Amino acid sequence: MLKFITIILNALLLLFYQLFFTNEVTVDINLPAEVQVNTEFTVELTVNKSNISSYASLKQKLPEGFTAVGVETKGASFTFNNQTAKFIWMALPSDESFTVKYKVKVDQSAKGEHILGGQFSWVDNNVKNVAKIPPTSIKVIDGTETEPVVADVPVEELDTKMPEEVEVMCVRNAPNIISASDEFVVEILIKKGTTSGFAKLTDILPEGFVATAIESAGASFKFENQQVKFIWMSVPSQQEFKVSYNVKITNQGMNGEKSFEGVYSYVNEDNRETYFIHPFYINVEPSELMADSNEEELGDNIGLAEGTSDEMNETVVSTMKPDETLSNDATATYVPSNNNASIQYKVQVLALRNAKNSDVVANYFGLNQDIATEMGGGFTKYVVGSHYEYKAARDNRESLKNNDKIIGPFVTAYNSGQRITVQEALMISNQQWYR
């Protein structure tokens, strides 16, 4: 009877643990218990991240005499400054558990017994979370000593020796789809954390984009060589502040997907460090004037396509039905075959003010892919393909660029059939962007 009660209690405890603790973020550390001076060893850190995917950092304070070099970073940037080894991710790997590694070289001054701890921190719904790395001891010997040399720093004081978290973050906000004739505003929210003093924000714009300052937050502004620069001799005292600039496109015929990339440089404990701003992708569609020109060209030349005549062209165009174009409130006509996959990527090949039958457009371009239509901004937009991986859509876009009649095809993204930004789709699907 007692054995039966024990089994029941153990099962209940296991169920309680699975319900309340299986999603806990933990970090396991693996390193040798003993090494000799003037040698190297590897530190392995296994992060059990559950379902988090946001910005994150992992850092360890190393004793004097230890020098670290990154080995396996899993997409993070690795730095070693002020005896601190640090991994920083703009977005964590998709795996629920992954391992990073760095190599440590120890010199003569590192002799003794040391404790390696540290922390893994991440942001969830704008709230900082921290998981401690279990303190683990390592002894550095010269090969002749018989008694251990114990370090002066006790384990309980380890966290007080950790440098204060800097937690710098920058978020860029801009429209995802624009007309080449439009001007638009780019805003960048800067969370400076505990930093102060000199800082510089650099945003790199595509060719044909021109920027002028709107809000500088006390910085000097400069635009040259396609670079937007905000420079502070001393950053604002607020923990969060915003800068913004206006963008105008000089080429009315510009079309396709363009990327914005940037960095925020700042001073931390007399060291200059860099935060890489997550790339932003914007789809440029031709201005109304250029769209009208493209439409006229399509109408003038469609009858010259191989195997057609002017008479045939008139017949095909005249047989267009009202329901073959979409209303202003309609979304994409293509229905994905896999209803469980909410994120899709397609490629837009054309936008027309006056809709034409999809078969006519496909014949003109010589496409063997099915064309779907959707409405937006007063234009009928023609898209091809249906991909659950961004890279597959990117490859399709690159292939379509070989078609001389298709000008500036670009990738579009959808969540359950609703058009969203490519950046949002990449974040939701936890996929990598490819140029």
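Scoring rules and cut-offs
Residues numbered from 1 in each chain as written. Predicted model: local features only at pLDDT ≥ 70, side-chain atom pairs only at ≥ 80, totals over all residues. Heavy atoms only, no water. Core = buried A, V, L, I, M, F, W, Y, C linked by side-chain atoms within 4.5 Å. Buried < 20%, exposed > 50% of the residue type's maximum accessible area, 1.4 Å probe, protein only. Helix = DSSP H or I, 4+ residues; strand = E, 2+ residues; numbered from the N terminus. pLDDT = per-residue confidence, 0-100. Contact = heavy atoms within 4.5 Å. Arc of directions from axis to C-beta. Pairing = 2+ DSSP bridges. Axes fitted to C-alpha atoms, helices over the stretch in contact; angles between N-to-C directions. Salt bridge = Lys/Arg side-chain N within 4 Å of Asp/Glu carboxyl O.

Undergrad: What is the right way to read the nonpolar core from this model?
TA: Core analysis: the largest hydrophobic core is formed by 37 residues, its most contacted members being Leu201, Phe209, Trp232, Tyr245, Phe260, Tyr264 and Tyr275. At the level of secondary structure, the elements contributing two or more residues to this core comprise strand 13 (169–173), strand 15 (183–191), strand 16 (199–204), strand 17 (209–215), strand 19 (227–232), strand 20 (240–249), strand 21 (256–268) and strand 22 (271–285). The next biggest cluster of nonpolar side chains, apart from the first, holds 34 residues, and it includes Val27, Val43, Leu58 and Trp89.

Undergrad: Could you clarify how one ought to interpret the confidence of the model for the protein in this entry?
TA: Any segment with low pLDDT has predicted coordinates that should not be analysed in fine detail. In the predicted model, the protein carries a mean pLDDT of 76, and 75% of its residues have values of at least 70. In this model, residues 146–164 is a region of pLDDT below 50 whose contacts with residues beyond four sequence positions or in other chains number 24 contacts.

Undergrad: Which parts of the structure should I look at to understand helix 7 (residues 422–429)?
TA: Among all positions of helix 7, only Val422, Gln423, Ala425 and Leu426 are buried. Along helix 7, the residues classed as buried sweep out an arc of 165° about the axis, all on the same side. Facing away from the buried side of helix 7, by more than 90 degrees, are the exposed residues Met427 and Ile428. Buried residues along helix 7 sit against strand 21, strand 22, strand 23 (343–352), helix 6 (390–400), strand 26 (410–415) and strand 27 (418–420). Phi turns positive one or two residues past the end of helix 7, at Asn430, with a value near 55°.

Undergrad: How do you make sense of the sheet that holds strand 9 (residues 112–116) when you look at a structure like this?
TA: Strand-to-strand pairing in sheets goes through backbone hydrogen bonds, with the strands running parallel or antiparallel. One open sheet accounts for three strands, arranged 2-12-9; its pairing is mixed. Each having just a single partner strand, strand 2 (34–36) and strand 9 make up the two edges of the open sheet. For this sheet the average axis-to-axis angle between neighbouring strands, irrespective of direction, equals 30°. Bridge count between strand 2 and strand 12 (residues 136–141): three bridges; the pairing is parallel. For Val35, the partnering residue across the bridge sits in strand 12 and is Val140.

Undergrad: Mind showing me how you'd approach the pattern of salt bridges here?
TA: Note on pairing: side chains with opposite charge can pair once their charged atoms come close. A full pass over the atoms with the stated rule returns twelve salt bridges. Here Lys74 and Glu72 are joined by a salt bridge, their closest N and O atoms 3.3 Å apart. Residue Lys74 is classed as partly exposed on the basis of its relative accessible area of 36%. Linking Glu374 and Arg419 is a salt bridge whose minimum nitrogen-to-oxygen distance equals 2.6 Å. Taken together, the positions of Glu374 in strand 24 (residues 371–376) and Arg419 in strand 27 put the pair 45 residues apart, joining distant regions of the chain. Among the residues examined, Glu374 registers a relative accessible area of 5% and is labelled buried. The network of salt bridges with shared partners includes Lys391, Arg394 and Asp395.

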